Protein chains: 2
Amino acid sequence: MDNFDFKNPTKIIFGKGTEARVGEETARYAKKVLLHFGSGSIKTSGLYGRVTASLKAAGVEWVDLGGVKPNPRLSLVQEGVRLCKQNGLGLVLAVGGGSAIDSAKAIAMGAVIDGDVWDFYLGKGEPKAALPVATVLTIPAAGSESSTGTVITKEEGLLKRAVNSELIYPVFSILNPELAFTLPPFQVACGAADIMAHLMERYFTNVKNVEFTDRLLEATMKTIARMAPRALENPRDYDTWAEFMWAGAIAHNNLLNTGRVGDWASHDIEHEISGIYDVAHGAGLAVVFPAWMKHTLKNDVARFAQWAVRVWNVDMDVWNPEATAREGIRRLEAWYHGLGLGTTLADLKVGSDRLDEMAAKCTDGNKRTVGNFVKLDQSAVRKILELAR
Amino acid sequence: MDNFDFKNPTKIIFGKGTEARVGEETARYAKKVLLHFGSGSIKTSGLYGRVTASLKAAGVEWVDLGGVKPNPRLSLVQEGVRLCKQNGLGLVLAVGGGSAIDSAKAIAMGAVIDGDVWDFYLGKGEPKAALPVATVLTIPAAGSESSTGTVITKEEGLLKRAVNSELIYPVFSILNPELAFTLPPFQVACGAADIMAHLMERYFTNVKNVEFTDRLLEATMKTIARMAPRALENPRDYDTWAEFMWAGAIAHNNLLNTGRVGDWASHDIEHEISGIYDVAHGAGLAVVFPAWMKHTLKNDVARFAQWAVRVWNVDMDVWNPEATAREGIRRLEAWYHGLGLGTTLADLKVGSDRLDEMAAKCTDGNKRTVGNFVKLDQSAVRKILELAR
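Residues numbered from 1 in each chain as written. Chains lettered and ligands numbered in written order. Predicted model: local features only at pLDDT ≥ 70, side-chain atom pairs only at ≥ 80, totals over all residues.

### Here's the deal with the overall build of chain A
And step 1. Across its full length, chain A holds 15 helices and 8 strands.
And step 2. Taking 389 residues into account, the globule formula puts the C-alpha radius of gyration at 21 Å, and chain A, at 20 Å, falls close to it.
And step 3. Over its C-alpha atoms, taken along the principal directions, chain A stretches across nearly 65 × 45 × 45 Å.
And step 4. In chain A, which comprises 389 residues, the share counted as buried stands at 57%. (Helix = DSSP H or I, 4+ residues; strand = E, 2+ residues; numbered from the N terminus. Rg over C-alpha atoms; globule rule 2.2 N^0.38 Å. Buried ≥ 20, exposed ≤ 12 C-beta atoms within 10 Å, placed from the backbone.)

### Quick look at the pairing of strand β7 (residues 159–164) of chain B
Residues and elements named next belong to chain B.
And step 1. In terms of strand pairing, strand β6 (residues 149–154) meets β7 through 6 bridges, oriented antiparallel. When the bridges of β7 are listed, Gly-149 appears paired with Asn-164.
And step 2. Between β6 and β7, which pair antiparallel one after the other, the connecting turn spans 4 residues, and Gly-157 there sits at a positive phi close to 85°. (Pairing = 2+ DSSP bridges.)

### Quick notes on the domain arrangement of chain A
All names here are of chain A.
And step 1. Looking at chain A, the domain boundaries give domain 1 (11–179) and domain 2 (183–387).
And step 2. Distance from the C-alpha centre of domain 1 to the C-alpha centre of domain 2: 26 Å.
And step 3. Listed per partner, the contact involves 20 residues of domain 1 and 26 residues of domain 2.
And step 4. Class assignment for the residues of the side of domain 1 that touches domain 2 results in 11 nonpolar, 6 polar and 3 charged. (Domains from an automatic or database assignment. Contact = placed C-beta atoms within 7 Å. Nonpolar A, V, L, I, M, F, W, Y, C, P; charged D, E, K, R; others polar.)

### A short note on unusual backbone geometry
And step 1. The phi dihedral of Asn-313 of chain A falls on the positive side, at around 55°, and the residue is not glycine.
And step 2. Inspection of the secondary structure assignment puts Asn-313 of chain A in the loop between α12 (301–312) and α13 (321–338).

### Some words on the interface of chain B and chain A
And step 1. Each partner contributes to the interface: chain B provides 30 residues, whereas chain A provides 30 residues.
And step 2. Those elements that provide at least two residues to the side of chain B that touches chain A are β1 (4–14), α8 (211–233) and α9 (238–250) of chain B.
And step 3. Here the side of chain B that touches chain A takes 9 residues from β1 of chain B, the largest share from any one element.
And step 4. Its residues assigned to classes, the side of chain B that touches chain A comprises 13 nonpolar, 7 polar and 10 charged.

### Remarks on helix α7 (residues 185–203) of chain A
And step 1. The terminal C-alpha atoms of α7 of chain A lie 27 Å apart, and with 19 residues this matches the ideal 27 Å at 1.5 Å per residue to within 8%.
And step 2. Counting buried residues in α7 of chain A gives 16 out of 19 residues, a clear majority hidden from the surface. (Expected span 1.5 Å × (residues − 1).)

### Side note on the nonpolar core
Here is a general trend for soluble globular proteins: nonpolar side chains tend to be buried in one another's company.
And step 1. Counting 272 residues, the largest nonpolar core has Val-92 and Ala-193 of chain A together with Val-92 and Ala-193 of chain B as its most contacted members.
And step 2. In this structure Val-92 of chain B touches Val-33, Leu-34, His-36, Ala-104, Ile-107, Ala-108, Leu-131 and Val-133 of chain B, once residues within four positions along its chain are discounted. (Core = buried A, V, L, I, M, F, W, Y, C linked by C-beta atoms within 7 Å.)

### Quick notes on the sheet that holds strand β2 (residues 32–37) of chain B
Across a sheet, paired strands are connected by hydrogen bonds in the backbone, their directions being either parallel or antiparallel.
And step 1. The 12 strands lie next to each other as β3(A)-β2(A)-β4(A)-β5(A)-β8(A)-β1(A)-β1(B)-β8(B)-β5(B)-β4(B)-β2(B)-β3(B), forming an open sheet whose pairing is mixed. Across the chains shown, the open sheet's two edge strands, defined by having one partner strand only, are β3 (61–65) of chain A together with β3 (61–65) of chain B. Pairs of neighbouring strands in the sheet enclose a mean axial angle of 25°, with direction left out of account.
And step 2. Two elements, strand β1 (residues 4–14) of chain A and strand β8 (residues 172–175) of chain A, share 4 bridges in a ladder whose sense is parallel. Counted as the bridge partner of Ile-12 of chain A is Ser-173 of chain A from β8 of chain A. (Axes fitted to C-alpha atoms, helices over the stretch in contact; angles between N-to-C directions.)

### Structural notes on the relation of the copies chain B and chain A
And step 1. Once chain B is rotated about the relating axis by 180° and shifted along it by 0.0 Å, it coincides with chain A to within an RMSD of 0.0 Å. The relationship between the two copies is best expressed as a two-fold rotation axis. Closest approach to the rotation axis among the C-alpha atoms of chain B is made by Pro-9 of chain B, whose C-alpha sits 2.4 Å away.
And step 2. In this assembly the copies share their binding face: 100% of the residues contributing to the interface of chain B also contribute to that of chain A. (Least-squares fit on C-alpha atoms with pLDDT ≥ 70 in both.)

### Here we look at the packing of α7 of chain A against helix α11 (residues 281–296) of chain A
Residues and elements named next belong to chain A.
And step 1. For the pair α7 and α11, the least separation of the axes is 7 Å and the interaxial angle reads 50°. Taken together, α7 and α11 sit at an angle that is classed as oblique. Relative to α11, α7 is oriented so that their crossing is left-handed. For the pair α7 and α11, the contacting residues are Ala-189, Cys-190, Gly-191, Ala-193, Asp-194, Ala-197 and Met-200 in the first and His-281, Gly-282, Ala-283, Leu-285, Ala-286 and Phe-289 in the second.
And step 2. Across the contact of α7 with α11, the residue classes tally to 9 nonpolar, 3 polar and 1 charged. (Parallel < 35°, antiparallel > 145°, perpendicular 65-115°, else oblique. Left-handed = near helix turned anticlockwise from the far one by under 90°.)

### Observations concerning the environment of Ile-12 of chain A
Residue and element names in this part refer to chain A.
And step 1. Following the sequence through the fold, Ile-12 ends up in strand β1.
And step 2. We classify Ile-12 as buried; it has 26 C-beta atoms within 10 Å.
And step 3. Each C-alpha atom, one on Ile-12 and one on Trp-312, is 30 Å from the other, the two residues being 300 residues apart in sequence.

### A look at the environment of Glu-155 of chain A
Residue and element names in this part refer to chain A.
And step 1. Summarising the element assignment, Glu-155 is placed in the loop between β6 (149–154) and β7 (159–164).
And step 2. What makes Glu-155 exposed here is the crowd of 10 C-beta atoms within 10 Å.
And step 3. Ignoring anything within four residues of it in the chain, the contact list for Glu-155 reads Arg-73, Leu-74 and Ser-75.

### Thoughts on the pairing of strand β5 (residues 133–137) of chain A
All names here are of chain A.
And step 1. Burial runs high along β5: 5 of the 5 residues are buried.
And step 2. The side-chain alternation of β5 yields two buried faces, one formed by Val-133, Thr-135 and Leu-137 and the other by Ala-134 and Val-136.
And step 3. As defined by bridge partners, strand β4 (residues 92–96) adjoins β5 across 5 bridges and the pair is classed as parallel. Each bridged residue has a counterpart across the sheet, and for Val-95 the counterpart in β5 is Val-136.
And step 4. By the bridge criterion, 4 bridges tie β5 to β8 in an arrangement that is parallel. Across the sheet, Ala-134 pairs through a bridge with Phe-172, a residue of β8.

### Structural notes on the packing of helix α14 (residues 355–362) of chain B against helix α15 (residues 378–387) of chain B
Residue and element names in this part refer to chain B.
And step 1. Running from amino to carboxyl end, α14 crosses α15 at an angle of 135°, the nearest separation of the two axes being 8 Å. With respect to their mutual orientation, α14 and α15 come out oblique. Here α14 and α15 pass one another in a crossing that is right-handed. Taken together, the residues of α15 that come into contact with α14 (itself represented by Leu-355, Asp-356, Met-358, Ala-359, Ala-360 and Cys-362) are Gln-378, Val-381, Arg-382, Leu-385 and Glu-386.
And step 2. For the contact of α14 with α15, the class distribution of residues is 7 nonpolar, 1 polar and 3 charged.

Written as structure tokens, this is what we have:
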């Protein structure tokens, strides 16, 4: 186990009807906030009305900024930064899924600097301060509700880049599983694939003696593996959504990678796909991960076999751990298929004509590798994309 | 799953040599602190010297208060409160195990009030403020390093009582597994029993649909079940201690009881034993828990069977879940025995003459029940003590 620091200060407010508490919680931090959301669905669902009623009751004013799209864009972030500065707003409240939250985090960092927030995404400097961010989560998927991360896409060049900073842990996140009842099935499936990916990225590590976090990760993977098909079958089952939503937050809150080094190559590769083709992040991960696994399996067959046995209930073939591992990958693919997700680039309607370009962008023209479990150069990324065709 | 709020702000600094960071971390909060510890073992081991060197280097002054004993006493707490007030100390730094930390938390609450801190332990009022508490952990056991709890014994009447408050989450806790290398085997065993008890108290709940936290608890129980005998066999194995120590902190940091209601009767009953007889808390728990299980098994045989199968690798007897459950209890007892702990009051040299008195004190003369999984009145507690003879 590696040395580590761990602190996650996000206050989780979990359960039925908890969005009614957003006003009182927000008022602890600011009396004038940016209310940031995506499409109009929170208005038609009534959530917008309940959130603003709670803000009003607590004496909190707000400025609306809707229009966040999946793979949230820099231009809207910059609009949000302008609104915060012009109106002296003191907190960014995201109501939505990972896209709204990631966009809110970017705005929160941009609102307190003179320069361009995109610089942080390019690795030029680190944020030194940020407005507080808070969330009302509607989609269990990205884990951004209690994470340090934000991923933004710059339209020009379709560059998708991430920032991680403890400054953007949300100060509170409201998780009401009921808000997920009305999600379209495709979004449920993509959310489950995203959560599973967060767990697998952390699981596949070269750090030895990480049995405790292995087991916590397996526990969380088993929960998502069981709950995702149940949520599709019975979308109004509170108990299923409660397990799904809480597991989704824990999957990405950094507890589960304490003392270990995650991989994250599959995320990097997927960002190139969804940056260009604007496919849903979870759908892209369902394509990349099995291909990544087939490419990296030999790096640690025992670890893949343990995963297959403990998460997917594969019988351990002690004379053939590799067959055990490969059966695990097959069950992961079958799980994706059961959720209605494809596992090939063809399923995403992504052709083969830009694979070279994606492999090059992913590795900055072979100037860097991606991944830690196996360090992948441009040609290795190209091979994985090939395996994913 | 029940609605819940969860926030754990303790910064964990984990790994080899991390006590060298105590000065810089302390200096963020105060320049003059109470250094609180137990016996002189931290002086002979060199830890005291390393901690004070780090404080000195960071420009932090300290006042020493050693002498904390297992089942920490109110009189020393009151001495600490006096020292903090007289010297204007701004933080209480515990170097030690759960006793030093619990005592430090009591001092931190007492230092900011005019009245008697014991009132909080009697349930008269709640703390409104506290000095920051920080810890350098030497014994993985109590979980106090990232918990809201403190248990103190008042010498007069040997009353042992607890307070829980978010105000006494340590601001940081330094966990260096190397510090556990020199623990006496009996203390290792008691620590393991205490951690296992924290997990079992949370596991046995009547709240339904808590599969995710069930699995996290099982993951943590399996880790402790495996690591404790290994730590006794090979006390200088860093990797074993790292898993043990991190699992011990997570076991009690409130994440694992999110959305569920723990039981805690075994802790209450054990507090009466160790309050009177001054036995080690972990050793007392190893006696109480099997008896409690035999008494409460019928309340939810399925839950006991799940625990037996998933934690203790018992084969599920689908035609006889109760036999499966009972085999789990036998394996728990065997695990205690393997650690060198007894499982009867006779093993603790506790006679039968004061069982009535303990049952009465535990339930305030039958004016209250203890436990949530099964609510136990005075006669039920008496029965459990009888089963434990």
